[in-house]
Amino acid sequence: MLIRAKAPLRISFAGGGTDIPPFPQQEGGCVLSATINRYAYGTLRPRQDRQISIESLDFGLSVTYSVEDKMVYDGKLDLVKAAILKLGGNESSGFDLFLHSDAPPGSGLGASSSMMVALVGLLKEFKNLPLTDYEIANLAYVIERKELGIQGGLQDQYAATFGGFNYIEFLPDHVVVNPLKISPDVINELQYNLLLCYTGKTRLSAGIIEDQLQRYERRETETIEVLRELKRLTVEMKNALLRRELEAFGELLHEEWQQKKKLSTKISNPELDELYEIARQEGAVGGKITGAGGGGYMLLYCRFDKKHKVAEKLKGLGCLITDFAFEPLGLQTWRVSHG
C-alpha cells in the first residue's frame with residue numbers, strides 16, 4: 001500500500017507581508033492568492049522494520065533513521081523531521097518517504113510550505129488523524145514557523161491546503177479563508193493575460209522578512225503605513241476580480257508592487273527593477289516578484305496583443321517563461337496498491 005499526496009504551489013497577487021506576525025495580531029492582515037498547476041508531491045510506503053527512510057529529490061538527500069533514534073535538526077531535511085515528530089510518525093513501525101516538488105525552494109511560489117502541507121497530508125492519512133483543512137493548514141504553519149523558527153507568514157500553508165482563488169483574512173486569533181466565486185471566462189482571460197517568468201535567481205526569504213520585521217518592531221511609520229496600504233489594495237484587487245475588471249486588476253498589481261518594495265530594500269534589486277521596467281516598456285500593465293521578493297518568479301499582467309513581445313524580450317534577457325494554469329483544488333491525498 002502506498003499513500004500519496006500533492007499540494008499546489010501558489011501565486012500571491014496582493015497582501016503578502018500583512019500575514020507576517022505580529023501585524024495580523026495587532027491590525028489584521030489579508031492576502032489575495034490563487035493556486036497553480038505546480039505541486040509538491042509526497043509518497044509514503046509503510047514498512048515493518050522500524051526504519052524511517054526519507055528521500056528528497058529537490059535536495060538530492062537521502063537519510064534513514066530507526067524509529068528509536070532521536071531526530072536532530074541539523075539542516076538536513078528538518079522540515080520532514082519536524083512533521084514526523086509533530087504527527088507521531090516516529091511512533092510507528094516505520095515507513096519510506098519520497099518527496100519532490102515542481103519548483104525549487106526559494107522560487108517565491110510557496111514551495112516549502114506546500115511540501116509541509118503535503119507531508120501533513122501524508123502523515124494524517126498514515127496515522128488516520130481526523131484533521132480539518134483549517135487544522136492541516138495551522139499545523140503546517142506551526143511546524144514550519146514555530147517548531148523550526150523559519151521566518152515567514154501564514155498565507156502559503158492555507159493556500160496550499162484549500163486551493164483555488166482565495167481572499168484570506170488573518171485575524172488576531174483565527175484565519176478565515178474566503179473562496180472567491182470567479183466565473184470560468186474571467187479565470188481563462190486572467191490566465192491568458194498573465195505571464196510567469198523565472199528570473200533565474202532563487203532567494204532565502206528569511207533575510208528579507210527579518211528586515212521587514214525589524215522595521216515594523218521599531219514602529220517605523222512608513223512600514224506600518226505601507227502594510228495598511230497593502231491591505232487596502234488587496235481588497236481593491238479582490239473587488240476588481242469579482243467585477244471582471246481585469247485591466248484595473250493589472251494596474252493594481254503594479255501599484256501593489258511599488259508599495260511592497262517599500263517594506264525592505266532587499267525585496268528588489270537594480271537588476272529586477274530593470275527587468276520589470278523593460279517588461280512595462282514592452283506592454284506589461286503591472287506585475288511583481290512573487291513571494292517575499294529578492295528573486296525567483298516574476299508575474300506580469302499584459303495586454304493580450306503585447307504579451308508575446310514582453311515574453312520575447314524577457315527570454316532574450318535570460319528569463320525562462322513558464323506556462324501555467326490555475327488549479328482549483330488544494331491538498332489531495334490518495335492510496336494505491338503496489339504494482
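Residues numbered from 1 in each chain as written. Predicted model: local features only at pLDDT ≥ 70, side-chain atom pairs only at ≥ 80, totals over all residues. Heavy atoms only, no water.

A word on the packing of aromatic side chains
Any two aromatic rings considered together are summarised by their centre-to-centre distance and by the angle between their planes.
Phase 1: If you walk through the whole model with that rule in mind, you get 10 aromatic pairs.
Phase 2: On the numbers, 5.8 Å between centres and 55 degrees between planes, the contact of Y39 with Y41 is tilted.
Phase 3: A relative accessible area of 8% means that Y39 is categorised as buried.
Phase 4: Judged by its relative accessible area of 24%, Y41 is partly exposed.
Phase 5: Relative to Y297, the ring of Y198 has its centre 4.8 Å away and its plane inclined at 45 degrees; by these criteria the two rings are tilted. Of this pair, Y198 sits in strand β8 (residues 194-198) while Y297 sits in strand β10 (residues 297-302); the two residues are 99 residues apart in sequence, bridging distant segments of the chain. The pair Y198 / Y297 is uniform in exposure class, with both members buried.
Phase 6: Joined through ring pairs, the aromatic side chains of F13, F165, F249, F324 and F326 make up one cluster. (Phe/Tyr/Trp six-rings, centres within 6.5 Å; stacked < 30°, edge-to-face > 60°. Buried < 20%, exposed > 50% of the residue type's maximum accessible area, 1.4 Å probe, protein only. Helix = DSSP H or I, 4+ residues; strand = E, 2+ residues; numbered from the N terminus.)

Structural notes on the packing of helix α3 (residues 111-127) against helix α4 (residues 133-147)
Phase 1: Remark: α3 packs on α4, axes separated minimally by 9 Å, with the N-to-C direction vectors making an angle of 120 degrees. Put simply, α3 runs oblique to α4. The way α3 lies across α4 gives a crossing that is right-handed. Contacts between α3 and α4 pair S112, S113, M116, V117, V120 and K124 from the former with I136, L139, A140, I143, E144 and R145 from the latter.
Phase 2: Split into classes, the residues belonging to the contact of α3 with α4 amount to seven nonpolar, two polar and three charged. (Axes fitted to C-alpha atoms, helices over the stretch in contact; angles between N-to-C directions. Parallel < 35°, antiparallel > 145°, perpendicular 65-115°, else oblique. Left-handed = near helix turned anticlockwise from the far one by under 90°. Contact = heavy atoms within 4.5 Å. Nonpolar A, V, L, I, M, F, W, Y, C, P; charged D, E, K, R; others polar.)

Observations regarding α3
An α-helical turn contains 3.6 residues, so a residue and the one three or four places further along point in the same direction.
Phase 1: Helix length check: α3, at 17 residues, gives a terminal C-alpha distance of 24 Å against a target of 24 Å (1.5 Å per residue), a fit within 8%.
Phase 2: Judged by how many residues are buried, α3 sits mostly within the fold: 15 of 17 residues are covered.
Phase 3: Looking one or two residues past α3, N128 carries a phi angle of roughly 55 degrees, positive in sign. (Expected span 1.5 Å × (residues − 1).)

Such coordinate-based values are descriptive only and should not be taken to indicate function.
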